[in-house]
Amino acid sequence: MPCSNLAPTNAYNAAAIPPEAPPCQRISTPEPKPLGYPEETRREAVRLYLEGTNFRRIGRVLGVNHQSVVNWVNAYHAGLPTAAQSPAAPETLEMDELFTFIGSKKRRRTS
């Protein structure tokens, strides 16, 4: 038998629910909780990863799935600004220090 405390959405539903129907035994949540994990948990996971902890251990410590941790770290990485381009490789290398060191090295004679 249909529930009487549901609001009819159209004329068909209104006709289908008799006025003497018993109230529903459904329980609704007046203020549902948001889906997902809190931002604090996500930041903690990224912090632990940057400190060198692996994904599975982070998942066990925080009580979340390790794939969620992977997704959070990837999202954090995607949100970082791109690094500036490194300067071009040097064309001339200074080897004076090495030459001076080897030239001043005293060797013992073996003969």
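The paragraphs below set out a description of the structure included in this document. (Residues numbered from 1 in each chain as written. Predicted model: local features only at pLDDT ≥ 70, side-chain atom pairs only at ≥ 80, totals over all residues. Heavy atoms only, no water.)

## Points about the overall build of the protein chain
For the protein chain, the helix and strand inventory stands at five helices and zero strands. Reading the protein chain from its N end, one meets helices and strands in the order α-α-α-α-α. Per-residue burial over the protein chain gives 14% buried out of 111 residues. In the protein chain, once contacts between residues fewer than 6 apart in sequence are set aside, the share between residues at least 24 apart is 27%. Total accessible area computed for the protein chain in this model is approximately 10500 Å², and 55% of it derives from carbon and sulfur atoms. (Helix = DSSP H or I, 4+ residues; strand = E, 2+ residues; numbered from the N terminus. Buried < 20%, exposed > 50% of the residue type's maximum accessible area, 1.4 Å probe, protein only. Contact = heavy atoms within 4.5 Å. Areas by Shrake-Rupley, 256 points an atom, 1.4 Å probe, with all protein chains shown as cover.)

## Notes on a nonpolar patch on the surface
Taken together, the side chains of Tyr49, Leu50, Tyr76 and Leu80 make up a nonpolar region of the molecular surface, amounting to roughly 390 Å² of accessible area. Looking at the secondary structure, you find Leu50 in helix H2 (residues 39–50). (Patch = residues over 30% accessible without salt bridge, like charges linked within 9 Å, V, L, I, M, F, W, Y side chains within 5 Å. Salt bridge = Lys/Arg side-chain N within 4 Å of Asp/Glu carboxyl O.)

## Here we look at the pattern of salt bridges
Under the definition given, this model contains three salt bridges. The shortest N-O distance in the salt bridge between Glu44 and Arg47 comes to 2.4 Å. Here Arg47 and Glu44 lie together in helix H2, a separation of three residues that amounts to about one turn. For Glu44, a relative accessible area of 23% gives the class partly exposed.

## Focus on the packing of aromatic side chains
Scanning the entire structure with this criterion turns up two aromatic pairs. An angle of 80 degrees between the planes, with centres 5.4 Å apart, marks the rings of Tyr37 and Trp72 as edge-to-face. Within this pair, whereas Tyr37 is found in the loop between helix H1 (11–16) and H2, its partner Trp72 is found in helix H4 (residues 66–79), the two being separated by 35 residues in sequence. Relative accessible area serves as the criterion here: at 37%, Tyr37 is assigned to the partly exposed category. Measuring from centroid to centroid gives 5.0 Å for Tyr49 and Phe55, while their planes differ by 5 degrees, and the two rings are stacked. (Phe/Tyr/Trp six-rings, centres within 6.5 Å; stacked < 30°, edge-to-face > 60°.)

## Brief notes about the nonpolar core
Of all hydrophobic cores here, the largest spans eight residues; its members are Ala45, Val46, Leu48, Ile58, Val64, Val69, Trp72 and Val73. Those elements that provide at least two residues to this core are H2 and H4. In this structure, Val64 is in contact with Tyr37, Thr41, Gly59, Val69 and Trp72, ignoring residues within four places of it in sequence. (Core = buried A, V, L, I, M, F, W, Y, C linked by side-chain atoms within 4.5 Å.)

## So, the packing of H2 against H4
To describe two helices that pack against each other, one gives the angle between their axes and the distance between the axes. Remark: H2 packs on H4, axes separated minimally by 9 Å, with the N-to-C direction vectors making an angle of 80 degrees. The pairing of H2 with H4 is recorded here as roughly perpendicular in orientation. Of H4, the residues touching H2 (which contributes Thr41, Arg42, Ala45, Val46, Tyr49 and Leu50) are Val69, Trp72, Val73 and Tyr76. (Axes fitted to C-alpha atoms, helices over the stretch in contact; angles between N-to-C directions. Parallel < 35°, antiparallel > 145°, perpendicular 65-115°, else oblique.)

## Concerning the environment of Leu62
Take Leu62: it is sitting in helix H3 (residues 55–62). C-alpha of Leu62 to C-alpha of Thr41: the two residues are 21 residues apart in sequence and 7.4 Å apart in space. Apart from residues lying up to four places away in sequence, Leu62 is in contact with Thr41, Glu44, Ala45 and Leu48.

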